[in-house]
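Given next are the chains, with one letter for each unit.
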Amino acid sequence: MTVDAVGGVWRYAVDLAGSLAESGIETVLAVLGPTPSDVQRAEVAALRRVTLVETGEPLDWLTDDAVAVRHAAATVAALAIRHRADLIHVNQPALAAGLTGDLPVVVVAHGCVSTWWEAARPRTPLDPGFVWHRALVAEGLRRATCVVAPSESYARTVARYYGLPVQPIVVHNGRAPAPLTAAPMRHIAFTAGRLWDEVKRTPLLDAAAGRLAAPLYAAGATRAPHGASVPVEHLHLLGELTPDGMAAMLAAQPVFVSAASFEPFGLAVLEAAQAGCPLILSDIDTFRELWDGAARFVAGDDPAAWADAIAQVMSDDTERARLADVAIARGSHFTVSATAKAMRTLYAEAAAAVGKSPASTKERVAA
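Notes on the structure in this doc start here. (Residues numbered from 1 in each chain as written. Predicted model: local features only at pLDDT ≥ 70, side-chain atom pairs only at ≥ 80, totals over all residues. Heavy atoms only, no water.)

## Observations concerning the layout of surface pockets
For the record, the criterion: Put plainly, a pocket is an open set of points on a 1 Å grid over the protein atoms alone with protein on both sides within 12 Å along at least five of seven lines, a cavity is a set where a 1.4 Å probe fits but cannot get out, and a lining residue has an atom within 4 Å of a point. Grid points are joined across faces, edges and corners, and a volume is the space filled by probe spheres set on the points. The way it works is that DSSP assigns letters per residue, a run of H or I at least four long becomes a helix, a run of E at least two long becomes a strand, and they are numbered from the N terminus.
One number sums up the size of the second largest pocket: a volume of about 210 Å³. Around the second largest pocket sit 15 residues that line it, and Ser-153, Thr-157, Phe-262, Asp-285 and Thr-286 are the ones nearest its centre. At five residues, the largest contribution of residues to the lining of the second largest pocket is made by helix α7 (residues 152-162).

Structure representation (structure tokens):
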């Protein structure tokens with residue numbers, strides 16, 4: 001299973017591999033892009049039947065052309081052969097375009113440059129420098145034995161944008177809820193994610209934070225692997241939190257805020273919901289699909305509207321408790337065990353589609 005150490009794909013892949021191991025499935029996690037941290041390496045080392053391999057290959061969206069991506073795909077294919085894998089699961093659709101051999105390929109579309117661009121800069125055509133990437137993603141999606149998306153909303157986007165004859169299969173992401181920890185509730189707001197990412201709309205939240213009497217804390221990197229950064233004036237930056245650090249922050253049940261304009265799923269929102277945080281979210285299709293009736297939604301990019309919504313929830317303990325309760329109830333539906341069960345079914349179907357018959361207790365998912 002391919003993975004990167006930069007964003008939510010790491011959390012998705014590690015959780016999924018750990019859950020698959022409980023069914024006897026061995027997983028090789030092939031890291032592309034920046035190297036994992038010591039904390040990330042230790043997390044994988046603690047799992048049974050999961051092997052971490054740092055390939056040294058780049059992430060597709062951090063390269064300049066298709067040559068580097070196809071080279072990375074060749075490395076992944078060789079890794080699958082070396083580990084006698086029964087199936088290749090890739091979390092970067094472009095990578096599937098360069099895979100060779102007859103192993104079934106399950107592609108999970110967590111996002112791509114082109115659909116990100118469409119959401120981030122809807123009035124601006126895709127930069128010509130990324131046209132090759134769009135073509136490679138389209139090729140990878142068609143190369144796949146099956147294509148998966150983490151939400152119905154993003155499945156529709158992928159099918160429309162790339163003209164797929166069949167819409168991707170929807171398998172929601174999941175998390176294993178951490179035990180709810182008794183901690184004093186704090187009247188603060190909190191956001192988490194890749195703060196440098198344009199679609200997270202960090203400047204909007206920064207402006208909203210300047211209007212709040214209570215602090216709005218933000219966890220995540222403000223500088224991207226490729227050097228892009230976002231200036232911050234009012235947010236209280238926490239840096240990149242470890243899993244334990246995130247759990248401790250969420251245990252205080254802050255008002256969790258996401259102003260994302262593009263989100264194929266949103267694992268940070270799910271973590272907050274499962275911890276009992278009231279949710280204030282941007283009014284986009286994905287969040288409506290997953291959290292309608294379990295969150296407060298804010299449309300548009302007016303900092304005053306966001307600040308007002310945050311302040312109202314923080315100051316109303318009754319509403320805050322209600323939102324926390326409905327968030328916990330909704331979050332309980334999105335578990336990693338449910339994700340793993342659905343993926344096991346798809347793995348079996350993909351293997352059958354190409355005539356492979358992996359042993360049920362020794363199945364290996366590589367790359």
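What follows picks up the thread again.
## Overview of empty space enclosed by the protein
The tally for this structure, following the rule as stated, stands at one cavity of 30 Å³ or more. Taken as a whole, the largest cavity encloses approximately 40 Å³ of empty space. The wall of the largest cavity is formed by Leu-32, Pro-58, Leu-59, Asp-60, Val-69, Ala-72, Gln-92 and Leu-95.

## A look at the sheet that holds strand β9 (residues 216-219)
The strands that make up a sheet are held in pairs by hydrogen bonds between backbone atoms, and each pair lies either parallel or antiparallel. Note the cut-off: Paired strands, as defined in this entry, are two strands with at least two bridges between them according to DSSP. What counts as an axis is a line fitted to C-alpha atoms, over the stretch in contact for a helix, and the angles between N-to-C directions run from 0 to 180 degrees.
If you walk across this open sheet you meet the six strands as β10-β9-β8-β11-β12-β13, and the pairing is parallel. With partners counted over all chains shown, the strands left at the sheet margins are β10 (236-239) and β13 (296-298), one partner each. Each neighbouring strand pair of the sheet contributes to a mean axis angle of 25°, computed without reference to strand direction. Two strands pair when backbone bridges link them, and β9 and β10 are joined in this way by three bridges, in the parallel orientation. Along β10, the bridge assignment pairs Tyr-217 with His-236.

## Structural notes on the environment of Trp-306
Rule in force here: A contact between two residues is defined here by any heavy atoms of the two lying within 4.5 Å. Two N or O atoms form a polar contact when they lie within 3.5 Å of each other; inside protein one atom must be a possible hydrogen donor and the other a possible acceptor, and for residues adjacent in sequence the pair counts only when both atoms belong to side chains.
As for its position among the elements, Trp-306 is in helix α12 (residues 303-315). Along the backbone, Trp-306 and Arg-49 are 257 residues apart, and their C-alpha atoms lie at a distance of 45 Å. Setting aside chain neighbours within four positions, we find Trp-306 in contact with Arg-201, Leu-204, Leu-205, Ala-208, Val-257, Ser-258, Ala-259, Ile-280, Leu-281, Ser-282, Val-298 and Gly-300. A polar atom in the side chain of Trp-306 sits 3.2 Å from the backbone oxygen of Gly-300.

## Structural notes on the side chain of Ser-153
Within the secondary structure layout, Ser-153 lies in helix α7. Ignoring anything within four residues of it in the chain, the contact list for Ser-153 reads Asp-285, Thr-286 and Glu-289.

## Quick word on the side chain of Asn-91
We apply this condition: Think of it in three bands: with a 1.4 Å probe and only protein chains considered, a residue is buried below 20% of the maximum accessible area for its type, exposed above 50%, and partly exposed in between.
Structurally, Asn-91 can be placed in the loop between β4 (87-90) and α4 (93-96). Since its relative accessible area comes to 4%, Asn-91 is described here as buried. Here Thr-2 takes part through its backbone oxygen, which lies 2.7 Å from a polar atom of the side chain of Asn-91. Side chain to side chain, Asn-91 and His-110 meet in a polar contact 2.9 Å long. When near neighbours in sequence (up to four residues on either side) are disregarded, Asn-91 contacts Met-1, Thr-2, Val-9, Tyr-12, Ala-13, Val-108 and His-110.

## Regarding the packing of helix α1 (residues 8-21) against helix α2 (residues 38-45)
Note the following rule: Any angle that is under 35 degrees is reported as roughly parallel, and any over 145 degrees as roughly antiparallel; angles of 65 to 115 degrees are reported as roughly perpendicular and all others as oblique. We call a crossing left-handed when the near helix sits turned anticlockwise from the far one by less than a right angle, and right-handed when that turn is clockwise. Each residue gets one of three labels, nonpolar for Ala, Val, Leu, Ile, Met, Phe, Trp, Tyr, Cys and Pro, charged for Asp, Glu, Lys and Arg, and polar for the others, Gly among them.
Contact pair α1 / α2: the axes reach a minimum separation of 10 Å and the direction vectors enclose 15°. Relative to α2, α1 is oriented roughly parallel. The hand of the α1/α2 crossing is left-handed. The segment α1 lies against α2, with Trp-10, Arg-11 and Val-14 engaging Gln-40, Glu-43 and Val-44. Broken down by class, the residue content of the contact of α1 with α2 amounts to three nonpolar, one polar and two charged.

## Observations regarding the nonpolar core
Quick reminder of the rule: Side-chain atoms within 4.5 Å are what join buried Ala, Val, Leu, Ile, Met, Phe, Trp, Tyr and Cys residues into a set we call a nonpolar core.
In terms of nonpolar packing, the biggest core is built from 56 residues, with Leu-29, Phe-190, Phe-256, Leu-279, Trp-291 and Met-343 touching the most fellow members. Formed by 46 residues, the second largest nonpolar core is a distinct cluster that contains Ala-80, Leu-95, Leu-99 and Leu-141.

## Describing unusual backbone geometry
Leaving glycine aside, a negative phi is the common case for residues, and trans is the common case for peptide bonds. In this structure, Arg-84 is a non-glycine residue whose phi angle is positive, near 50°. Tracing the chain through its elements places Arg-84 in the loop between α3 (66-82) and β4. Positive phi, normally seen in glycine, also occurs at Gln-253, with a value near 50°. Note that Gln-253 resides in the loop between α9 (243-251) and β11 (255-258). Since its relative accessible area comes to 25%, Gln-253 is described here as partly exposed.

## What to know about the environment of Ile-25
Following the sequence through the fold, Ile-25 ends up in the loop between α1 and β2 (26-31). With relative accessibility at 3%, the residue Ile-25 sits in the buried group. Each C-alpha atom, one on Ile-25 and one on Val-50, is 8.8 Å from the other, the two residues being 25 residues apart in sequence.

## Considerations on α3
Our working definition: A helix is expected to span 1.5 Å for every residue after the first. Picture the helix axis, draw a direction to every C-beta atom, and the arc is the one those directions span.
Along its 17 residues, α3 runs 24 Å from first to last C-alpha, staying within 8% of the 24 Å computed at 1.5 Å per residue. Among the residues of α3, those classed as buried are Val-69, Ala-72, Ala-73, Val-76, Ala-77, Leu-79 and Ala-80. The buried residues of α3 occupy one face: seen down the axis, they fall within an arc of 160°. Seen from the open side of α3, the exposed residues pointing more than 90 degrees away from its buried face are Val-67, His-71, Ile-81 and Arg-82. N-capping of α3 is provided by Asp-65, with a side-chain oxygen placed 3.1 Å from the backbone N of Val-67. At the C-terminal side of α3, Arg-84 shows a positive phi close to 50°.

In short, geometric facts, not functional conclusions.
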